[in-house]
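Okay, here's what each chain looks like letter by letter:
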Amino acid sequence: MILRAALILLALSLPAHAQQAPGTPPAVSPVQAATTPPAVKPPEQIVAGISRDEIDITTNFDGSELIIYGASKRETPIPADQLDVVVAVAGPSESVTVRHKERRLGIWVNTGRLSVGAAPSFYVVASTRPLHLILTPEQDQRYRISVPLAMRSFAGPVEVEDTVPYTEALIRLREGEGLYRLDDGAVRLAEQTLFRADVRLPANLMEGAYSARIFLLRDGKVIDTFHAPIKVRKVGLERWLYRLALENPFVYGIMSLAIAMAAGWAASEAFRQLRRS
């Protein structure tokens, strides 16, 4: 009995951290818990969804329609400022090299190049109103919403004095291919609460992980954001040929050559039969 009492007194005399089991987080006193500031929720929050989170690319794939819809959740009266919504859909990023060519002595030669570290393969921005009217440059820099800011840092040393003509050329080329698009007014807003955006996806989509970002804005500032992943993949014969070209390029090349030779022979035989008849 005396030994048991001595052990209890020894345990009580140890410091608090010695009594704590290994791996157990330190206890927080009621005073510390009371002084910790709670997480501040935005006055308005996005509740949203998308019509499809997986898109299959088949042999007859000619594009798809993506519907992004939602609402602004609030517990206070509607503010007097105009509510705006921006939707940005981005494809997987890739490294791109942009070259500038000039004609010298009748020959086109490369006079400069710029390597962009990460440029989205597909990028569409839809908004309730023109983007420059509803988004401040500071907020655009922070969230990288506009098309030029969607491109990441340059890869390697910059060999040109002015990078703007190169990035503008890349944007112009991809706009011509339908891969970059700015849709002002494409987001429909009802009663300062409900919104919907219809985003058209072209047929020349790259396989990979896509993302849809939604931004809620008032007075040029982003008050809440929402992110949803989208998976784009090849299926069926398209996927088999794609994987074959990546994993067995030699077999893919031989097969392509055999198909081309067979098609050429079939065409020549068809013309020969037409001549005989």
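Preceding this paragraph is the structure being described.
Residues numbered from 1 in each chain as written. Predicted model: local features only at pLDDT ≥ 70, side-chain atom pairs only at ≥ 80, totals over all residues. Heavy atoms only, no water.

## Here we look at the overall build of the chain
A tally of regular secondary structure across the chain gives eight helices and twelve strands. When burial is assessed residue by residue, the chain has 32% of its 277 residues classed as buried. Considering only residue pairs separated by 6 or more positions, the chain has 70% of its internal contacts joining residues 24 or more positions apart. With an accessible surface of roughly 18,100 Å², the chain has 59% of that area assigned to carbon and sulfur atoms. (Helix = DSSP H or I, 4+ residues; strand = E, 2+ residues; numbered from the N terminus. Buried < 20%, exposed > 50% of the residue type's maximum accessible area, 1.4 Å probe, protein only. Contact = heavy atoms within 4.5 Å. Areas by Shrake-Rupley, 256 points an atom, 1.4 Å probe, with all protein chains shown as cover.)

## Focus: the sheet that holds strand 10 (residues 194-201)
Neighbouring strands of a sheet are bound in pairs by backbone hydrogen bonds; such pairs are parallel or else antiparallel. In space, the four strands of this open sheet follow the order 1-3-10-9, with antiparallel pairing throughout. Two strands lie at the open edges of the sheet, namely strand 1 (44-50) and strand 9 (187-190), each paired on one side alone. Taking the axes of each pair of neighbouring strands and ignoring which way they run, one obtains an average angle of 20 degrees across the sheet. In the sheet, strand 3 (residues 64-74) pairs with strand 10 via eight bridges, with the strands oriented antiparallel. Bridge pairing in strand 10 places Ala71 opposite Leu194. (Pairing = 2+ DSSP bridges. Axes fitted to C-alpha atoms, helices over the stretch in contact; angles between N-to-C directions.)

## Things to note about empty space enclosed by the protein
In total, this model carries one cavity of 30 Å³ or more according to the counting rule given. Roughly 30 Å³ of volume is contained in the largest cavity. Forming the boundary of the largest cavity are Ile55, Leu66, Val89, Leu201, Tyr210, Ile230 and Val232. Its residues assigned to classes, the lining of the largest cavity shows seven nonpolar, no polar and no charged. (1 Å grid on protein atoms, 1.4 Å probe; cavity = no way out; pocket = protein on both sides within 12 Å on 5 of 7 lines; lining within 4 Å. Points joined across faces, edges and corners; volume = space filled by probe spheres on them. Nonpolar A, V, L, I, M, F, W, Y, C, P; charged D, E, K, R; others polar.)

## Details of unusual backbone geometry
Unusually for a residue other than glycine, Glu191 sits at a positive phi of about 55 degrees. Looking at the secondary structure, you find Glu191 in the loop between strand 9 and strand 10. Assessed through its relative accessible area of 71%, Glu191 is described here as exposed. Of note, Gln192 is a non-glycine position whose phi angle comes to about 55 degrees, a positive value. Its location among the elements puts Gln192 in the loop between strand 9 and strand 10.

## As for the environment of Leu135
Its location among the elements puts Leu135 in the loop between helix 4 (131-134) and helix 5 (137-143). The sequence separation of Leu135 and Ile145 amounts to ten residues, and the corresponding C-alpha distance is 9.2 Å.

## Re the environment of Pro130
Following the sequence through the fold, Pro130 ends up in the loop between strand 7 (123-127) and helix 4. Note on Pro130: relative accessible area 28%, which makes it partly exposed. For the pair Pro130 and Asp184, spaced 54 residues apart in sequence, the C-alpha to C-alpha distance is 4.9 Å.

## Here we look at the sheet that holds strand 7
The six strands lie next to each other as 2-12-11-4-7-8, forming an open sheet whose pairing is mixed. With partners counted over all chains shown, the strands left at the sheet margins are strand 2 (54-57) and strand 8 (180-184), one partner each. Across this sheet, the average inter-strand angle for adjacent strands is 15 degrees, counted without regard to direction.

## Some points on the side chain of Ser121
Looking at the element boundaries, Ser121 is found in the loop between strand 6 (107-120) and strand 7. Once residues within four sequence positions are removed from consideration, Ser121 is found in contact with Gly91, Pro92, Ser93, Glu94, Arg174, Leu179, Tyr180, Met206 and Tyr210.

## A few points about the packing of aromatic side chains
Counted by the stated rule, this structure contains two aromatic pairs. For the ring pair Phe122 and Tyr210, a centre distance of 6.3 Å and an interplane angle of 50 degrees mean the geometry is tilted. Of this pair, Phe122 sits in the loop between strand 6 and strand 7 while Tyr210 sits in strand 11 (residues 208-218), and the two are 88 residues apart along the sequence. Note on Phe122: relative accessible area 1%, which makes it buried. Look at Tyr210 and you get buried, because its relative accessible area is 4%. (Phe/Tyr/Trp six-rings, centres within 6.5 Å; stacked < 30°, edge-to-face > 60°.)

## Some remarks on the layout of surface pockets
Of the volumes computed, that of the largest pocket is approximately 360 Å³. Considering the residues around the largest pocket, the lining is formed by 21 residues, among which Ser146, Val147, Pro148, Leu149 and Ile171 are closest to the centre. For the lining of the largest pocket, the elements supplying multiple residues, two or more each, are helix 4, helix 5 and helix 6 (164-176). Looking at the lining of the largest pocket, the element that brings in the most residues is helix 6, giving five residues. Of the residues contributing to the lining of the largest pocket, the split by class is eleven nonpolar, five polar and five charged.

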